[in-house]
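Residue-level structure breakdown
Each chain, written out:
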Amino acid sequence: MPDPTGPPGTPWRLRLPRTTAAVPVARALVRTALGEIDPGAAELPDRDTAELLTAELVANAVEHTSGEGPIELIVELLAAPGGCQIEVHDPDPARPGRLECPDPDAEVDPWQEHGRGLLLIRALSSDCGHRPTAHGKAVWFTLPRVPAQRPRPRP
């Protein structure tokens, strides 16, 4: 992990085992990394969305990839235009499922337990994709900074 007193823009990195135990650890790292942003800032990345999408990427890497070795989570706070980029690296060079929008005419089985993770990533992120790496691939998404919500007045 980066030194919180280090230079801005230093990504947070964590190697995770390829087990389901990696999912809550990844969510916690994202929560911690995004917590490093000044809480008084007018705009922040949505932490709940970042945690949800990170959980989807890590769960996909654990469940759907082959190869030996751990997965790596990288969380980078972006200076301009702000927001964050989150990547999950795994040792499997095979491309992930479809990150583009599905066919709107395709029927979706509401009882199906799998197949919506990449759709969530595509729908809720400002950008996403994948790229080959020297040891497999990286699947990533970015989230913009959004205006901080004001507390609702009490009646």
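Residues numbered from 1 in each chain as written. Predicted model: local features only at pLDDT ≥ 70, side-chain atom pairs only at ≥ 80, totals over all residues. Heavy atoms only, no water.

**A short note on the pairing of strand E6 (residues 136–143)**
Here E6 lies mainly inside the structure; eight of its eight residues are buried. Direction of pairing for strand E4 (residues 84–90) relative to E6: antiparallel, over a ladder of seven bridges. Bridge pairing in E6 links Cys 84 to Leu 143. As judged from the seven bridges shared by strand E5 (residues 127–133) and E6, these two strands associate in the antiparallel manner. Directly across from Asp 127, in E6, lies its bridge partner Thr 142. With antiparallel pairing between neighbouring strands as the criterion, E5 and E6 make up a hairpin whose turn holds two residues. (Buried < 20%, exposed > 50% of the residue type's maximum accessible area, 1.4 Å probe, protein only. Helix = DSSP H or I, 4+ residues; strand = E, 2+ residues; numbered from the N terminus. Pairing = 2+ DSSP bridges.)

**Topic: the confidence of the model for the protein chain**
The pLDDT averaged across the protein chain works out to 81; a share of 72% of its residues lies at or above 70. Model confidence for the protein chain, summarised as mean pLDDT per element, is weakest for strand E7 (residues 146–147) at 72 and strongest for E4 at 95. In the predicted structure, residues 1–7 sits below a pLDDT of 50 and forms eight contacts with residues beyond four places in sequence or in another chain. (pLDDT = per-residue confidence, 0-100. Contact = heavy atoms within 4.5 Å.)

**Points about the pattern of salt bridges**
Summed over the entire model, instances satisfying the criterion amount to five salt bridges. Across the pair Arg 131 and Glu 87 runs a salt bridge whose closest N-O atoms are separated by 2.9 Å. Separated by 44 residues along the polypeptide, Arg 131 in strand E5 and Glu 87 in strand E4 bring together distant segments of the chain. We classify Arg 131 as partly exposed; its relative accessible area is 34%. A single salt-bridge network, built from bridges that share partners, covers Arg 27, Arg 31 and Glu 51. (Salt bridge = Lys/Arg side-chain N within 4 Å of Asp/Glu carboxyl O.)

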